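# Examining the three-dimensional arrangement
So you can see what is in the structure, the chains are spelled out below.
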Amino acid sequence: MTSWAQTIPVFVVFVALAFVPGWLVVRAFGSRGVEAVAISPAVSVGVLAGFGTAAGVLGVRWTWWVVIASTALSVVAAWLVGGWLARSRGGRDPELHLKRRLFGRPRPDVVIACLVGVVLALVTILPAFGRPDSLVDSPDAVYHLNRIRTFIESGDVSLFNPAFYPNGFHAWVATGLMAFGTPVLAGTNVATLVVAAVVWPVGCVALVRHALGTSLLVTYAAGFASAAFLSFPTTLLGWGVLWPNLMGTAMLPAALALMLQAARTRHPGKVLTFCVSLPGLALVHPNVIVSLVVFILVWFATARLRAGVLRHLPWRVVVRDVGIVAALVVAGIVLAPLLSPRLAATQAYTWSGQVSVWAALTEVVGGRLMVFSVLWGLLALIVLGIAWVLWRARQAIPIVAMWLTCVALYVMAASSSQGWTALVTGYWYNDKVRLAALAAVPGVVLVAGAAPMVRLLLHRTRWVQTWNRREPLLAAGVALALIPALTVGLHASTRYQLLHNFFSPGEADRVILSDQGRASLAQLADRIPAGEGVVGRPENGSPLMWALFGTNTLYRSIPITGSGDNVLLGTGFADMQRRPDVCAALARNNIRWAIGSSHTYWLDRPALTSGLMNLDRVDGLEKVETVGQYTLYRITGCRLG
């Protein structure tokens, strides 16, 4: 696929697969409104990943019929539970007929706000992406693309295929690709586009309306604000590539909105819907749950302190509750890595290039992350939004506290490599980029809050008072227009260059596999019989032969895992004629071919694959064909010829 027009049917399939299964479930619980739509992707992914894992354990091949059956079972179960909840509350609303209960009554302003966010996202993302089959400069992309291919080829989208790893993103993408047999690379790019351009804006609209109110101005501002940040979704479309983290963060606004709604209304259906969304969030990426817990704790503590200041609660109760939360947080931070070796390993992840505290603040508050200038327009809107919250929308003060917490976490990760800070930021791999993306979740609310603040300032300005009385909508229009003007408009070139550089890096060693290299490997892949394996240094891009062409490659990630046959063949391949253990590993993995190349990606680990260098000098190989920078060899040693 080389044209975005070709991807429209695939785009529609992914949108439907993200929203429809979950939407049917949450509607059956009795949830309504934009929150029900916004949280649907988390529930949909939970259905796909959960039933997909069960099908894999039972040996049932994952097909669209199984998807439909899984959705139907989930909806029936939700309908039964929703009916039981309704009976416990006096029965379902008799004035709402079945059609109204199922489809609701969409508000035009909410629909328009969501569409504004979608259009802005598409306009800013698509040009920088280039073609649908563009390959991003990221070693993580190799793993994710290959796992999606594994899911499709095996018909098993289980959590354990091929090894334990959250399967929410991969199961959703693999299921969507099965509809038309879409190529893995182009289809995955379309899937990430749906996450960034549809799931995220809808969630942002839901969150802003719950935090700042449901006025028309705030609702429309939410749609514009969803495209305000470069840290999310722009950066996570290329950095990492953290596609599962991208998806989880995109779902956070909806989960946070539903949490606020459930806490305010205490409606059993809302509470149950929130709980049902949690497995899907966890199966996309576990640190999404950690992020949500952080937001909930900050919201609770801030709400308690505000209640004390307003004398709604005695201070002894406030101090007691906040103290309990603080004690639980400290205990959790200390004990969690002791109880979970996996978490301890994550917290031990280190990054180089720490900066000063002031530089870190400039990056996260001023948006100067991976770009060369402060995003003054975005910064101005955040300041105006905070002013609006503190002046007129004090119920949203917990949102400001959430944003400040994200800023503090970012500064810790960006400026420190000490062990005590890693205990806190290790849940996000001590990665400041992930934390900058997290700060965009409450940040969207602050940017949206700038619109009513600007309108208020216009009304209070003498020289426009008469103008405002004559054209009351004009001030609101100016306030709304400032959001895209100061973000999408003012920083358009910066946004484009940031994302474009991920997909079209200027240095050759930053390209995993060029278009020419892809064509070369495609030609060589035709020479390899189906099922027979091929080995090559992962840094030459050959692991992508599995994702792109279905060629059975030994290595499917960059770099390789440092154990087992991976290292044995990587270091001992050149000595196959004298190493029975190497021959046994080749036979065990059905490796009959080797790929050599002069191309090397920057993330090079030569010590792990020293035996795969200079293949033209290795005994037991027969040169078959050279295309471009790649040469295919047939293994004749070890009696495999």
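Residues numbered from 1 in each chain as written. Predicted model: local features only at pLDDT ≥ 70, side-chain atom pairs only at ≥ 80, totals over all residues. Heavy atoms only, no water.

### Here's the deal with the overall build of the protein chain
Cut-off, in case you're wondering: Helix numbering and strand numbering both begin at the N terminus, where a helix is a DSSP run of H or I of at least 4 residues and a strand a DSSP run of E of at least 2. Note on method: radius of gyration uses C-alpha positions; expected globular size equals 2.2 Å times residues raised to 0.38. Relative accessibility under 20% of the residue-type maximum defines a buried residue, over 50% an exposed one, and the middle range a partly exposed one, all with a 1.4 Å probe and only protein chains included. Accessible surface area values rest on a Shrake-Rupley calculation with a 1.4 Å probe, where residue burial reflects the displayed protein chains alone. In this charge count, Lys and Arg are treated as positive and Asp and Glu as negative; neither His nor the chain ends contribute. In this description, the location of a charge corresponds to atom NZ of lysine, CZ of arginine, CG of aspartate or CD of glutamate.
Check the secondary structure of the protein chain and you find 27 helices and five strands. Relative to the globule expectation of 26 Å for 641 residues, the C-alpha radius of gyration of the protein chain, 26 Å, shows essentially globular dimensions. Seen through its C-alpha atoms, the protein chain measures out along the principal axes to roughly 85 × 55 × 50 Å. In the protein chain, which comprises 641 residues, the proportion classed as buried is 54%. For the protein chain, the computed accessible surface area is about 26800 Å², with 64% contributed by carbon and sulfur atoms. Computed over 49 positive and 27 negative side-chain charges, the inter-centroid distance for the protein chain is 18 Å.

### Here we look at a nonpolar patch on the surface
Heads up, the rule is: Two joining distances apply to patches: 9 Å for like charges and 5 Å for nonpolar side chains (Val, Leu, Ile, Met, Phe, Trp, Tyr), and every residue must have over 30% relative accessible area and no salt bridge. Between Lys or Arg on one side and Asp or Glu on the other, a salt bridge is scored when a side-chain nitrogen of the former is within 4 Å of a carboxyl oxygen of the latter.
On the surface, Leu 305, Val 309, Leu 310, Trp 315 and Val 319 cluster together into a nonpolar patch covering about 490 Å² of accessible area. For the nonpolar patch, the secondary structure elements donating two or more residues are α13 (286-309) and α14 (315-339). Considering the arrangement of structural elements, one finds Val 309 in helix α13. For Val 309, a relative accessible area of 59% gives the class exposed.

### What about the state of the cysteines?
Our working rule: Here, the term disulfide refers to a pair of cysteine sulfur atoms separated by no more than 2.5 Å.
Counted according to the given criterion, the structure contains one disulfide. Here Cys 583 engages in a disulfide with Cys 638; their sulfurs sit 1.9 Å apart. The sign of the -65 degrees torsion about the S-S bond sets the Cys 583-Cys 638 disulfide as left-handed. In this pair, Cys 583 sits in helix α27 (residues 580-588) while Cys 638 sits in the segment after β5 (630-635), placing the two residues 55 residues apart along the sequence. Judged by relative accessible area, which is 18%, Cys 583 ranks as buried. Using a relative accessible area of 17% as the deciding quantity, one classes Cys 638 as buried. No disulfide involves Cys 204; its sulfur sits 9.5 Å from the nearest other cysteine sulfur, which is in Cys 114. The buried category is assigned to Cys 204, whose relative accessible area is 1%.

### Some words on the nonpolar core
A general feature of soluble globular proteins is that nonpolar side chains tend to end up buried together. Just so we agree on the cut-off: The set of buried Ala, Val, Leu, Ile, Met, Phe, Trp, Tyr and Cys residues whose side-chain atoms join them within 4.5 Å is what this entry labels a nonpolar core. Any pair of residues with heavy atoms lying within 4.5 Å of one another is described as a contacting pair.
Counting residues in each nonpolar core, the largest one holds 180 residues, and the members touching the most others are Phe 14, Trp 172, Leu 212 and Val 447. Excluding its chain neighbours within four sequence positions, the residues that come into contact with Leu 212 are Val 218, Trp 388, Val 389, Ala 393, Gln 395, Ala 396, Val 445, Ala 448 and Gly 449. In terms of nonpolar packing, the next biggest core, distinct from the first, is built from 21 residues, Val 535, Ala 594, Val 618 and Ile 635 among them.

### Some details on the environment of Gly 385
Structurally, the position occupied by Gly 385 is in helix α17 (residues 376-391). Judged by relative accessible area, which is 0%, Gly 385 ranks as buried. When the C-alpha atoms of Gly 385 and Arg 320 are compared, they prove to be 31 Å apart, with 65 residues separating the residues in sequence. Ignoring any residue separated from it by four or fewer positions in sequence, one finds Gly 385 in contact with Leu 446, Gly 449 and Ala 450.

### Thoughts on unusual backbone geometry
Geometrically, the link from Asn 161 to Pro 162 is a cis peptide bond, its omega value of -5 degrees lying close to zero. If you trace the backbone, Pro 162 turns up in the loop between α6 (139-154) and α7 (168-177). In this model, Gly 240 is joined to Val 241 through a cis peptide bond whose omega is -5 degrees. Tracing the backbone through its elements, the reader meets Val 241 in the loop between α10 (230-234) and α11 (243-265). In this model, Arg 266 sits at a positive phi of 55 degrees, which is unusual for a non-glycine residue. Along the chain, the position of Arg 266 falls in the loop between α11 and α12 (268-284). With a relative accessible area of 69%, Arg 266 lands in the exposed category.

### Remarks on the pattern of salt bridges
When their charged atoms lie close together, side chains carrying opposite charge are able to pair. This model, assessed by the stated rule, comprises 18 salt bridges. Here Arg 107 and Asp 109 are joined by a salt bridge, their closest N and O atoms 3.1 Å apart. With a closest N to O distance of 3.7 Å, Asp 133 and Arg 518 form a salt bridge. Here Asp 133, found in the loop between α5 (108-129) and α6, pairs with Arg 518, found in helix α24 (residues 515-525); they are 385 residues apart in sequence, far enough to count as distant. Taken individually, Asp 133 and Arg 518 each receive the classification buried, so the pair is uniform in this respect. Through salt bridges with shared partners, one network takes in Arg 131, Asp 133, Asp 515 and Arg 518.

### Remarks on empty space enclosed by the protein
Stated precisely, the cut-off is as follows: Throughout, the protein atoms alone are placed on a 1 Å grid, and a set of points is a cavity if a 1.4 Å probe fits but cannot get out or a pocket if it is open with protein on both sides within 12 Å along at least five of seven lines; lining residues have an atom within 4 Å of a point. Grid points are joined across faces, edges and corners, and a volume is the space filled by probe spheres set on the points. Three classes are used: nonpolar for Ala, Val, Leu, Ile, Met, Phe, Trp, Tyr, Cys and Pro, charged for Asp, Glu, Lys and Arg, and polar for all others, with Gly counted as polar.
This structure, assessed with the given rule, holds four cavities of 30 Å³ or more. Of the volumes computed, that of the largest cavity is approximately 130 Å³. Contributions of two or more residues to the lining of the largest cavity are made by α10, α16 (357-365), α17 and α20 (432-459). Residues of the lining of the largest cavity, tallied by class, amount to twelve nonpolar, three polar and one charged. Estimates place the volume of the second largest cavity at around 70 Å³. If you trace the second largest cavity, you find it lined by Gly 117, Ala 121, Thr 124, Ile 125, Ala 196, Trp 200, Pro 201, Ser 226, Ala 227, Pro 233, Thr 234 and Arg 495. For the lining of the second largest cavity, the secondary structure elements donating two or more residues are α5, α8 (184-212) and α10. A per-element tally of the lining of the second largest cavity places α5 first, with four residues. Grouping the constituent residues of the lining of the second largest cavity by class yields seven nonpolar, four polar and one charged.

### Structural notes on the packing of helix α2 (residues 33-58) against α8
The test is simple: Angles run from 0 to 180 degrees between N-to-C directions of axes, and those axes are lines fitted to C-alpha atoms, restricted for helices to the stretch in contact. For this classification, under 35 degrees means roughly parallel, over 145 means roughly antiparallel, 65 to 115 means roughly perpendicular, and everything else is oblique. Each crossing gets its hand from how the near helix is turned against the far one by less than a right angle, where anticlockwise is left-handed and clockwise is right-handed.
Running from amino to carboxyl end, α2 crosses α8 at an angle of 140 degrees, the nearest separation of the two axes being 9 Å. As far as their axial angle goes, α8 and α2 are oblique. Where α2 crosses over α8, the handedness of that crossing is left-handed. Here Val 34, Glu 35, Val 37, Ala 38 and Pro 41 of α2 lie close against α8, whose contacting residues are Val 199, Val 202, Gly 203, Ala 206, Arg 209 and His 210.

### A few points about the confidence of the model for the protein chain
So the rule is basically this: The pLDDT score gives, residue by residue, the confidence of the prediction method on a 0 to 100 scale.
For the protein chain, the mean per-residue pLDDT works out to 92, and 95% of the residues sit at or above 70. Predicted confidence in the protein chain is weakest over helix α21 (residues 465-470), with a mean pLDDT of 55, and strongest over α7, with 98.

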